[in-house]
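# Structural characterization, general
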Amino acid sequence: MEDPAAPGSGNPPANGYGNGNGNGGGKGKPAAPKGRETFRSQRRESEGSVDCPTLEFEYGDTDGHAAELSELYSYTEHLEFTTNRRCFEEDFKTQVQGKEWLELEEDAQKAYVMGLLDRLEVVSRERRLKVARAVLYLAQGTFGECDSEVDVLHWSRYNCFLLYQMGTFSAFLELLHMEIDNSQACSSALRKPAISIADSTELRVLLSVMYLMVENIRLERETDSYGWRTARETFRTELSFSMHNEEPFALLLFSMVTKFCSGLAPHFPIKKVLLLLWKVVMFTLGGFEQLQALKVQKREELGLPPLAEDSIQVVKSMRAASPPSYTLDLGESQLAPPPSKLRGRRGSRRQLLTKQDSLDIYNERDLFKTEEPATEEEEESAGDGERTLDGELDLLEQDPLVPPPPSQAPLSAERVAFPKGLPWTPKVRQKDIEHFLEMSRNKFIGFTLGQDTDTLVGLPRPIHESVKTLKQHKYISIADVQIKNEEELEKCPMSLGEEVVPETPCEILYQGMLYSLPQYMIALLKILLAAAPTSKAKTDSINILADVLPEEMPITVLQSMKLGIDVNRHKEIIVKSISALLLLLLKHFKLNHIYQFEYVSQHLVFANCIPLILKFFNQNILSYITAKNSISVLDYPCCTIQDLPELTTESLTSMPGRGTSKQKNAP
């Protein structure tokens, strides 16, 4: 979630990259290419029109609990909250007299839920939908009887555990199968020239109930009772493994994604499907913390030394990497530097310094280099080089979006505070040591000794020290062991026998995805392309706005503005769910087996995933990050408690939006 950081947070501001048309060019040339001028003008316009606070990025699995729940609903659906409440109250009054839901004992609540599930098994589609809406109102927290947002979230979680214990998820899973196989709804949607939110009413209700149950039960808290903890583990097992000869639930959602992209079911609410798929995969396989625990456990089983650090925790404490705002000018000055700045040993390295982070500048030292007294001519050249280095450090350390005033004196390199080392422990592979010794032996001796890394006869002392340092940081990964085992199985398939593969949730998911894995990856990337902010509308592109467009298109400026914000928010949530899902799958498949990771990565590359990711950076990143595509008063659960104020065009433009968490997970 990108929010302005508190003062003194120390996080650098993000920078807009422009459209990427400027490439090189001398700074002193009479005329620059047209693309570079466009690049400059767009950058200056964005810097002048957008406030540039220091942005804070939290590296984690998900956003806050309330934010994750609010992203399930589009602003077009806010009227359905009242419909759900009315359906529940009408049904509740016929079953319970003189009491409200929160006043009932637990046994009475369970009895009422059992009655609801019985009334779901009716032939009438309308009656079944009303009962499903009543269940959805329970999962939403019975907000009509609550006084605050905290109460709504509390009772939503309580009701979801109660619904699961009474078998609601299994009942809704059967209804979901029926709606997916409903050929009449699919053919009706295909005949319509424009699909709206009304074409997916039943599916949206079912998916909303299932998402709320998964998200609320997935959330772990210290105050949870033993019954809730047991229910959570049982629910995780049901979602992970094939129950009653059925495929895992995640594969059903993957099939919905491919069916949507094939054009056979354009009415599917794809945002809800993707959000539910992401949360199911996270719930069954585990997030970052569970992934780290699995990694530690697997290294112990393979007899490998323990990890020196938790890479996720290291990344959380690192500063965001942001290039200078005036990178184009720096690049031009690199190509046409004045001759005076190329003098001296340190000055000649100027081009390299401008491309590196301040951390690299500080640590760029030869540990074994002996200091020799410099001659008078070298001292003069070095003085010019030091002044050049000071200037480069100023360019790297100054605020890239706020040019320094002319009267400000440049900071010296000695006054800049640098970290004293890398934030992570360096890792060296066995092949790196062998390659280093091979080059050193060819240089000093004239022959090599193959894979021998112990014999150092004839090599100078600095090489001995280098090899010693490399061996101290030698790292054997789980992937290296897995590759070695596969090679041994190929050499001796008969003597070693068949490999025993443990039936883990990740392995079961991969086995189920294997035969249709290319189609799954292509479908996800198709949707990601359609949600890209720089994508142009094409006739053959898929429509991802079916579950956000109203039945009647807006006729006023206010309605158009509200729908525009809703559409942008809708796309951001889709991008977030797909990118987080792909990252989670890649991380778990890499841990499960390196060849599974490579197979998935291969199909992502075949489907042009890399150009698609670059397409997201082909824009003004700062404007994309700071865009407020949300209306806080319409977010759940706020919209269920407070009376909605009258919205105007002025209030929409000035209303402080929370901003959709575009990407919580970074590779």
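Residues numbered from 1 in each chain as written. Predicted model: local features only at pLDDT ≥ 70, side-chain atom pairs only at ≥ 80, totals over all residues. Heavy atoms only, no water.

Short version of the rule: UniProt positions are given in the numbering used here, feature names are shortened, and annotations may be inferred rather than shown by experiment.
The name an unreviewed UniProt entry assigns to the protein is Striatin-interacting protein 2 isoform X3, from the organism Delphinapterus leucas. In its Sequence similarities (unreviewed entry) section, the UniProt entry covering the protein states "Belongs to the STRIP family."

### Some remarks on a nonpolar patch on the surface
Keep this limit in mind: Nonpolar side chains (Val, Leu, Ile, Met, Phe, Trp, Tyr) are joined into patches within 5 Å and like charges within 9 Å, using only residues with over 30% relative accessible area and no salt bridge. Using a 1.4 Å probe, the Shrake-Rupley method yields the accessible areas, and only the shown protein chains count as cover for residues. In what follows, salt bridge is the name for a side-chain nitrogen of Lys or Arg lying within 4 Å of a carboxyl oxygen of Asp or Glu. Counting from the N terminus, the helices are DSSP H or I runs at least four residues long and the strands are E runs at least two residues long.
Together, Val-605, Phe-606, Ile-610, Ile-613, Leu-614 and Phe-617 line one region of the surface with nonpolar side chains, adding up to about 620 Å² of accessible area. Top contributing element to the nonpolar patch by residue count: helix α27 (residues 609-617), with four residues. With respect to the helices and strands, the residue Phe-617 is situated in helix α27.

### Overview of the pattern of salt bridges
Stated formally: Classification of residues uses two cut-offs on accessible area relative to the type maximum, computed with a 1.4 Å probe and protein chains only: under 20% is buried, over 50% is exposed, and between them is partly exposed.
In the structure shown here, the tally under the stated rule is 23 salt bridges. Here Arg-429 and Asp-432 are joined by a salt bridge, their closest N and O atoms 3.3 Å apart. Overall, the relative accessible area of 31% leaves Asp-432 in the partly exposed class. A salt bridge links Lys-471 to Asp-454; its shortest N-O distance comes to 3.1 Å. Placement of Lys-471 in helix α20 (residues 461-472) and of Asp-454 in the loop between α19 (430-444) and α20 is noted, with a sequence separation of 17 residues between them. Residues joined in a network through salt bridges with shared partners are Glu-68, Glu-71, Glu-215, Arg-218, Lys-279 and Lys-576.

### A closer look at the environment of Gln-602
Secondary-structure assignment places Gln-602 in helix α26 (residues 594-606). The class for Gln-602 is partly exposed, based on a relative accessible area of 39%. Separated by 84 residues in the primary sequence, Gln-602 and Pro-518 have C-alpha atoms spaced 9.4 Å apart.

### Some words on the side chain of Asp-199
To keep things clear, this is the line we draw: For the purposes of these results, a polar contact is taken to be a pair of N or O atoms within 3.5 Å, where, inside protein, one atom must be able to donate a hydrogen and its partner to accept one; residues adjacent in sequence count only when each atom of the pair is a side-chain atom. We call two residues in contact whenever any of their non-hydrogen atoms come within 4.5 Å of each other.
Structurally, the position occupied by Asp-199 is in the loop between α8 (183-191) and α9 (201-218). There is a polar contact of 2.4 Å between the side chain of Asp-199 and the side chain of Lys-192. Not counting chain neighbours up to four residues away, the residues in contact with Asp-199 comprise Lys-192 and His-267.

### Observations regarding helix α21 (residues 478-491)
Applied cut-off: One less than the residue count of a helix, multiplied by 1.5 Å, gives the span that helix is expected to have. Think of it as the arc spanned by the lines of direction from the helix axis to the C-beta atoms.
Taking 1.5 Å per residue as the helical rise, α21 with its 14 residues ought to reach 20 Å, and the 20 Å between its terminal C-alpha atoms agrees with that figure. Among the residues making up α21, those that are buried are Ile-478, Ala-479, Val-481, Gln-482 and Glu-486. Buried residues in α21, looked at end-on, bunch into an arc of 160 degrees, giving them a common side. Exposed residues on α21 whose side chains face more than 90 degrees from its buried face are Lys-484 and Lys-491. Residues of α21 that are buried sit in contact with α13 (288-301), α25 (557-592) and α26.

### Some thoughts on helix α4 (residues 106-120)
Here α4 is 15 residues long and its end C-alpha atoms lie 21 Å apart, about the 21 Å a rise of 1.5 Å per residue gives. When α4 is considered as a whole, its buried residues turn out to be Gln-109, Tyr-112, Val-113, Gly-115, Leu-116, Leu-117 and Leu-120. Residues of α4 that are buried make contact with α3 (80-95), α5 (125-139), α6 (149-165) and α7 (168-180).

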